[in-house]
Amino acid sequence: MPGQAATSALSFSGAGKRYDDGTHALDKIDLTVAPGQFVAVVGPSGCGKSTLLRLAAGLTDATEGSVRRDTASVGYVFQDHALLPWRTVRANVELLGELRGLSRAERRRRADEAIELVGLADFAHHRPRTLSGGMRMRVSLARALAVQPDLLLLDEPFGTLDEITRERLQSELLRLFGLRRFAAVFVTHSVGEAVFLATRIIVLSERPGRIVGACDVPFPYPRPPELRFSPDFARIAGQVSAWLRGAAA
Ligand SMILES: Nc1ncnc2c1ncn2[C@@H]1O[C@H](COP(=O)(O)OP(=O)(O)OP(=O)(O)O)[C@@H](O)[C@H]1O
């Protein structure tokens, strides 16, 4: 379509995925993510959320339909943060720059900037095992930001954190989103997390994942923590939960 390349960072068109062993993970996904849009993907366990992110990242190919990315660089944040234990925080954050062949000076500059952004400047020389779960997730975020992504893919990044840390990191992520304004796709099991973070929410059915509900989230940024207790927040969360219950029925 004329002009589409300029208005979408990522688009799925009738995209499906059937793995080699016959598992049908995703079916007929139509989804467009515009630059600067924050899309949360919610769905029951095993419905194909990670598969959707792997398709978005180009880590695996669609077996039906197509997936198109119009972005120069993609950042990926995994649930288990996937840090290399023998490397320092800074060396972990530099890793992708190293793999891309950036000069030492440039990757160090980008790493230090990203570490500063996530508030870990005092821990650049620490090893991951000496950090808390929340701090390790900040390192993982810094590593993704250091590639200066215009599309950031996050696979349930805060799922294993306690509630306070989780809420703090949600605010932190929105601060980074405000600064860098990447397009984001954020997979989560948590309805509240989706409503707090996203500009748009899509709900997937049980496997094979199909989109069974979608809505915009109209709250402006920055979003204060108290937003979670507002009637409008509850109304949207209620709608998403209803779709999800239908999805899981
Ligand atoms: N490489 C693979 N080969 C075969 N089946 C796979 C493969 N990867 C994932 N699956 C299956 O595809 C389905 C969707 O998996 P996926 O990890 O995308 O779901 P998910 O929604 O992210 O799950 P969860 O919420 O539990 O993390 C599951 O049944 C899973 O077992």
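Residues numbered from 1 in each chain as written. Predicted model: local features only at pLDDT ≥ 70, side-chain atom pairs only at ≥ 80, totals over all residues.

In terms of helices and strands, the protein chain carries eight helices and nine strands. Over its C-alpha atoms the protein chain spans a radius of gyration of 18 Å, differing by no more than 12% from the 18 Å that the globule rule assigns to 249 residues. Principal axes of the C-alpha set define a box for the protein chain whose edges measure 50 × 40 × 40 Å. Looking at the protein chain as a whole, 41% of its 249 residues qualify as buried. Long-range contacts, defined as pairs at least 24 residues apart, comprise 73% of the intrachain contacts of the protein chain with a sequence gap of at least 6. (Helix = DSSP H or I, 4+ residues; strand = E, 2+ residues; numbered from the N terminus. Rg over C-alpha atoms; globule rule 2.2 N^0.38 Å. Buried ≥ 20, exposed ≤ 12 C-beta atoms within 10 Å, placed from the backbone. Contact = placed C-beta atoms within 7 Å.)

What follows is about the domain arrangement of the protein chain. The accessible area lost on association of the parts is a frequent measure of interface size. The domain boundaries assigned to the protein chain delineate domain 1 (4-72 + 150-248) and domain 2 (83-149). Using C-alpha coordinates to define each centre, domain 1 is positioned 25 Å away from domain 2. With 12 residues of domain 1 at the interface, the matching set in domain 2 holds seven residues. Going through the elements one at a time, β6 (151-155) and α6 (163-180) are the ones with two or more residues in the side of domain 1 that touches domain 2. (Domains from an automatic or database assignment.)

The subject of this paragraph is unusual backbone geometry. A negative phi angle characterises most non-glycine residues, just as the trans form characterises most peptide bonds. Residue Pro208 is bonded to the preceding Arg207 through a cis peptide linkage, with omega at -5°. Tracing the backbone through its elements, the reader meets Pro208 in the loop between β8 (200-204) and β9 (211-216). Residue Pro222 follows Tyr221 across a cis peptide bond; omega there is -5°. Its place among the elements puts Pro222 in the loop between β9 and α8 (231-248). Phi at Gln148 is positive, roughly 50°, even though this residue is not glycine. As for its placement among the helices and strands, Gln148 is situated in the loop between α5 (133-145) and β6.

It is worth spelling out the pairing of β8 at this point. The buried fraction of β8 amounts to four of the five residues, a majority that puts the element mostly inside the structure. Across four bridges, strand β3 (residues 38-42) lies against β8 in parallel orientation. Along β8, the bridge assignment pairs Ala40 with Ile201. Examined bridge by bridge, β8 and β9 share five bridges and lie antiparallel to one another. Of the residues in β9, the one forming a bridge with Val203 is Gly213. (Pairing = 2+ DSSP bridges.)

Attention now moves to the site of the ligand. Lining the immediate environment of the ligand, one finds 13 residues, of which Tyr19, Ala25, Lys49, Ser50 and Thr51 sit closest. Residue contributions to the shell around the ligand peak at three residues, all from helix α2 (residues 49-57). Among the residues making up the shell around the ligand, the classes are represented as three nonpolar, seven polar and three charged. (Near = placed C-beta within 6 Å. Nonpolar A, V, L, I, M, F, W, Y, C, P; charged D, E, K, R; others polar.)

Next up on the list: the UniProt feature "domain: ABC transporter" (unreviewed entry) in the protein chain. The UniProt feature table records "domain: ABC transporter" (unreviewed entry) at residues 10-231. As annotated, residues 10-231 comprises 33% helix and 25% strand, and the C-alpha atoms at either end are separated by 32 Å. (UniProt positions renumbered as here; feature names shortened; annotations may be inferred.)

Within the open sheet, the three strands sit side by side as β2-β1-β4. Their pairing is antiparallel. Among the strands making up the open sheet, the edge pair consists of β2 (24-33) and β4 (64-69). Strand after strand, the sheet turns through a mean of 20° between neighbouring axes, direction not considered. Alignment of strand β1 (residues 10-18) against β2, held across six bridges, turns out to be antiparallel. The residue of β2 that forms the bridge with Arg18 is His24. (Axes fitted to C-alpha atoms, helices over the stretch in contact; angles between N-to-C directions.)

It is worth spelling out the sheet that holds β9 at this point. If you trace the six strands from one edge of the open sheet to the other, you get β5-β6-β7-β3-β8-β9, paired in mixed fashion. A single partner strand is all that each edge strand has here, and the edge strands are β5 (74-77) and β9. Strand-to-strand twist across the sheet, computed as the mean angle between neighbouring axes with direction ignored, equals 15°. Those strands touched by α5 are β5 and β6, and its axis lies near 170° from that of β5.

Now for helix α4 (residues 104-117). Over its 14 residues, α4 runs 20 Å from end to end, which matches the ideal 20 Å to within 8%, given 1.5 Å per residue. Within α4 the residues assigned to the buried category are Arg107, Arg110, Ala111, Ala114 and Ile115. The arc that holds the buried residues of α4, viewed along the axis, is 130°, so those residues lie on one side. Relative to its buried face, α4 has exposed residues pointing more than 90 degrees away, namely Ala105, Glu106 and Glu116. Among the structural elements, α3 (89-99) and α5 are those in contact with the buried residues of α4. (Expected span 1.5 Å × (residues − 1). Arc of directions from axis to C-beta.)

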